[in-house]
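Working through the structure, step by step
The lines below spell out each chain.
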Amino acid sequence: MANEPFIGWMTAIQQDMETALDAYLPSADCAPQTLHQAIRYVALEGGKRVRPLLVFAAGELAGATPAALARIASALEMIHVYSLVHDDMPCMDDDVLRRGKPTCHVAYDEATALLTGDALQTLAFDLISSPMDDIAPAAQLRMVHTLARAAGHAGMAGGQAIDLASVGQPLSLPELEFMHMLKTGALIRAAVLLGAMAGRPLSADENARLDAFAKRIGLAFQVVDDILDCEADSATLGKTAGKDAANDKPTYVSLLGLAEAKRFARELHDQAMSELAGFGSSAERLKQLADYIVARSF
Ligand code: GRG
């Protein structure tokens, strides 16, 4: 049965994110208009906003303010959106559908898509490094560092490089896990850590448990993504379904089979949940989000 209070919370955060992003993104009326229109086209009105939801849920656990969380979550979502825009380009995944609309290079052109991703990435760092009233400078510096690490060669960009190199290659399970820990997991982990960093200082043990939660749920997100890619249709996903098999990409489904991939997603979910046990009711939103991540249908 649907969890009504959670759905209400999720919808409110998604609406707040739309408002925050609208305010942080450049106006479509300002020059260069085409670039600004493209930035707004890809960033607004789309996506589940899973990473922002994780920022808010972890921030709630640590007692962070909504204003700080909206800014941090916007920066993280901009990095995510930039990665989708670049991933869809002909030099990478070459896709035409994203978030139910034509991809950026289709709606505009390749040069605009490249610049849109570049501009979103730098705007994210502009946002997260700008003075924030409710965050101490040392904590903010740690946030900038965390985001840079998650997005770069040792995180998402590195994982994407492994992904591109692994088409048609037989990867082992540990190799597949390593790729996804970087490509998808690094930003999801950063979402949880950044949200928590915006609040009260956590003990080393609390940080370690939150980090372990984030790593498990990030991998679970990817396993479910692989399952949905072969079970759901393009209209439901808002992106082209069945691409992994068509491109001969190693996935959890191709390595484990559908039934075992589903079992593995549940196992990762349960491991993630067990890391939250000591936080009591302050981790309620994170637990609900973990449920949502493995039960989602798109
Ligand atoms: C170009 C540096 C660079 C990295 C690209 C994110 C990514 C790395 C590639 C996207 C391809 C892909 C299907 C990745 C697997 C999981 C994933 C990140 C799916 C998209 O995220 P969702 O489902 O998307 O959260 P929405 O649209 O809901 O935000």
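Details of the structure are given in the entry above.
Let me begin by describing the structure that accompanies this report. What you are looking at is a predicted structure, and each value in this text was computed from that prediction instead of being measured. Every chain is numbered on its own, with residues counted from 1 as its sequence reads. Local features in this predicted model are restricted to residues of pLDDT 70 or higher, and side-chain atom pairs are both shown and tallied only at a pLDDT of 80 or more, whereas totals for entire chains, interfaces and linings draw on every residue. Water and hydrogen atoms play no part in the side-chain values, which are based on all heavy atoms of the structure.

Right, let's talk about the packing of helix H6 (residues 110-129) against helix H7 (residues 137-151) for a bit. Each pair of packed helices can be described by the angle between their axes along with the distance between the axes. In this description, a line fitted to the C-alpha atoms serves as the axis of each element, helices being fitted only across the stretch in contact, and the angle between N-to-C directions of two axes falls anywhere from 0 to 180 degrees. We count a stretch as a helix when DSSP gives it H or I for four or more residues in a row; a strand needs E for two or more, and each element gets its number in order from the N terminus. At a closest axis distance of 9 Å, the pairing of H6 and H7 adopts a crossing angle of 160°. Put simply, H6 runs roughly antiparallel to H7. For the pair H6 and H7, the sense of crossing is right-handed. Seen from H6, the contacting residues are Gln 121, Phe 125, Ile 128 and Ser 129; seen from H7, they are Gln 140, Met 143, Val 144, Leu 147, Ala 148 and Ala 151. We call two directions roughly parallel when the angle between them is under 35 degrees, roughly antiparallel when it is over 145, roughly perpendicular when it lies between 65 and 115, and oblique otherwise. Each crossing gets its handedness from the near helix: less than a right angle anticlockwise from the far helix is left-handed, clockwise is right-handed. Only heavy atoms matter for contacts: two residues are in contact if any of them lie within 4.5 Å across the pair.

Whether a set of points on the 1 Å grid over the protein atoms alone is a cavity depends on a 1.4 Å probe fitting there but being unable to get out, while an open set qualifies as a pocket with protein on both sides within 12 Å along at least five of seven lines; lining residues are those with an atom within 4 Å of a point. Grid points are joined across faces, edges and corners, and a volume is the space filled by probe spheres set on the points. Estimates place the volume of the largest pocket at around 1,100 Å³. Looking at the largest pocket, it is lined by 49 residues, and the ones nearest its centre are His 80, Leu 84, Arg 98, Asp 225 and Lys 239. Of all the elements in the fold, those that place two or more residues in the lining of the largest pocket are helix H1 (4-24), helix H3 (50-62), helix H4 (66-87), helix H8 (156-165), helix H9 (173-183), helix H11 (204-231), helix H12 (234-237) and helix H13 (243-246). Ranked by residue count, the leading element in the lining of the largest pocket is H4, at seven residues. Three classes are used: nonpolar for Ala, Val, Leu, Ile, Met, Phe, Trp, Tyr, Cys and Pro, charged for Asp, Glu, Lys and Arg, and polar for all others, with Gly counted as polar. Its residues placed into classes, the lining of the largest pocket shows 15 nonpolar, 15 polar and 19 charged.

Look at H3 against H4: their axes get within 8 Å of each other, and the N-to-C directions meet at 150°. The angle between H3 and H4 places the two elements in the roughly antiparallel class. H3 and H4 meet at a crossing whose hand is right-handed. Two secondary-structure elements touch here, H3 through Arg 51, Pro 52, Val 55, Phe 56, Gly 59 and Glu 60 and H4 through Pro 66, Leu 69, Ala 70, Ile 72, Ala 73, Leu 76, Glu 77 and His 80. Among the residues making up the contact of H3 with H4, the classes are represented as nine nonpolar, two polar and three charged.

Let us now look at the environment of His 153. Its location among the elements puts His 153 in the loop between H7 and H8. For the pair formed by His 153 and Lys 183, sequence separation is 30 residues and the distance between their alpha carbons is 9.8 Å.

Now for the site of the ligand. Around the ligand, the surrounding shell holds 19 residues, and the nearest of these are Lys 48, Arg 51, His 80, Ser 83 and Arg 99. Lys 48 is positioned with one of its side-chain polar atoms (N or O) 2.6 Å from an oxygen atom of the ligand. All accessible-area figures derive from a Shrake-Rupley calculation using a 1.4 Å probe, and residue coverage is judged against the displayed protein chains alone. With the chains in place, 92% of the 700 Å² that the ligand exposes on its own is no longer accessible. In this scheme, a molecule is assigned to a cavity or pocket if more than half of its atoms are within 2 Å of the grid points. In this structure, the ligand is accommodated by the largest pocket. Those elements that place two or more of their residues in the shell around the ligand are H4, H8 and H11. Of the residues assigned to the shell around the ligand, the class counts are five nonpolar, seven polar and seven charged. The cutoff for a nearby residue is simple: one of its non-hydrogen atoms must lie within 4 Å of the molecule or strand. Whenever two N or O atoms come within 3.5 Å, that pair is a polar contact, provided that in protein one can donate a hydrogen and the other can accept it, and provided that, for residues adjacent in sequence, both atoms are side-chain atoms.

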